[in-house]
Every structure is written in C-alpha cells, then in structure tokens.
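Structure at a glance
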Amino acid sequence: MTKINLTQKLTLFHEQWSPKIIGTANGQFIKLVKAQGEFEWHTHPDSDDVIYVVRGYLTIRFRDNAVTLNPGELYVVPKGVEHQLYAPEEVHLMLIEPKGMHHAAEALSEVTADSDKQDWI
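A complete count under the given rule lists 5 salt bridges for this structure. Of the charged contacts, one joins E38 and R61 as a salt bridge, the two residues approaching to 2.6 Å between their closest N and O atoms. You can see E38 sitting in strand β2 (residues 28-38) and its partner R61 sitting in strand β4 (residues 58-61), a full 23 residues away along the chain. Since its relative accessible area comes to 24%, R61 is described here as partly exposed.

Structural data, given as structure tokens:
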C-alpha cells in the first residue's frame, strides 16, 4: 500500500495519447494520460469509460451533443456509446479501465491499445 501523487506521476512522462498505469483496484487499471487535439471516434463495447480531469479542459463529443469537463470533474461514458475526446490545449486525465480492455477496431492507436501492454510509472 503506497500513496500515489498524481502531480508527481504526471512529471514522469511527456507523450500524449499514451496512458501510463499508476495502480490497480478491483480488476481495474488506474491510468494517467496527457492529451491534446482530437482523438478518433470510438466505442468501448464491453465497459464504461471513466474519465477524470486532473488539469486542463476536455470536451467529450457524442454524435448528438457534447460535454466539457473542467479540472476536478468526472464523466462516465456508458459502454457502447460512440464518443470522441477533444482538448484544444494539453489536458491531464485519470482513466479507470478494466484489465484487458479493448476498444473498437476503428480507433487504432496507443490509447486504444490493449491496456495490459501499456507502461507502468
């Protein structure tokens, strides 16, 4: 059992759209990611998508609307709902995802890679 300082962990990497695992709980990975710009439209067919904004601002776009998250806000995208992440400036996010989570095939990149193969920090 070790406390985790999110601010300190976020200083350990600079890559964007490349989540880093910082812990586990109840079969879930807890990850940090830095992002800027627009990510592909995608779905999570088997799990909800938990997104918490640590620093910056994030817009989650849906086909019929959008929601903007400020620092300290969290949003849960229900499984199977198509969405796109957009950050005009760098945003720091915490994600909670099941181990082995896979994303829809149309969105292939580091952030959609098999979560078991992502780096720990």
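The subject of this paragraph is the pairing of strand β7 (residues 84-98). Looking at chain direction, β2 and β7 are connected through 10 bridges and run antiparallel. Within β7, the residue paired with L32 across the bridge is M94. Pairing between strand β3 (residues 49-55) and β7: 5 bridges, direction antiparallel. Residue pairing for β7: V53 is matched across the bridge by L93. Bridge analysis of β4 against β7 gives 3 bridges, and the strand direction is antiparallel. Counted as the bridge partner of I60 is L85 from β7.

So, on to the environment of E90. Note that E90 resides in strand β7. We classify E90 as partly exposed; its relative accessible area is 29%. Between the C-alpha atoms of E90 and L58, which are 32 residues apart in sequence, the distance is 9.0 Å. Residues within four places of E90 in sequence aside, it is in contact with Q16, K34, A35, Q36, R55 and G56.

It is worth spelling out the packing of aromatic side chains at this point. On inspection of all chains with the given rule, the structure shows 3 aromatic pairs. With a centroid separation of 5.1 Å and 25° between ring planes, the pair formed by W17 and F39 is classed as stacked. Note that W17 is positioned in the loop between α1 (6-10) and β1 (20-25) and F39 in the loop between β2 and β3, a separation of 22 residues in sequence. The burial state of W17 is the same as that of F39; both residues are buried. Where F29 meets W120, the ring centres are 6.1 Å apart and the plane angle is 85°; that geometry is what we call edge-to-face. In this pair, F29 is assigned in strand β2 and W120 in the segment after β7, connecting sequence segments 91 residues apart. Under the relative-accessibility criterion, F29 is labelled buried at 6%. Over the face of the ring belonging to F13 we find K34, whose NZ or CZ atom lies 5.1 Å from the ring centre.

Basis of the calculations
- Residues numbered from 1 in each chain as written.
- Predicted model: local features only at pLDDT ≥ 70, side-chain atom pairs only at ≥ 80, totals over all residues.
- Heavy atoms only, no water.
- Salt bridge = Lys/Arg side-chain N within 4 Å of Asp/Glu carboxyl O.
- Helix = DSSP H or I, 4+ residues; strand = E, 2+ residues; numbered from the N terminus.
- Buried < 20%, exposed > 50% of the residue type's maximum accessible area, 1.4 Å probe, protein only.
- Pairing = 2+ DSSP bridges.
- Contact = heavy atoms within 4.5 Å.
- Phe/Tyr/Trp six-rings, centres within 6.5 Å; stacked < 30°, edge-to-face > 60°.
- Lys NZ or Arg CZ within 6 Å of the ring centre and 35° of its normal.

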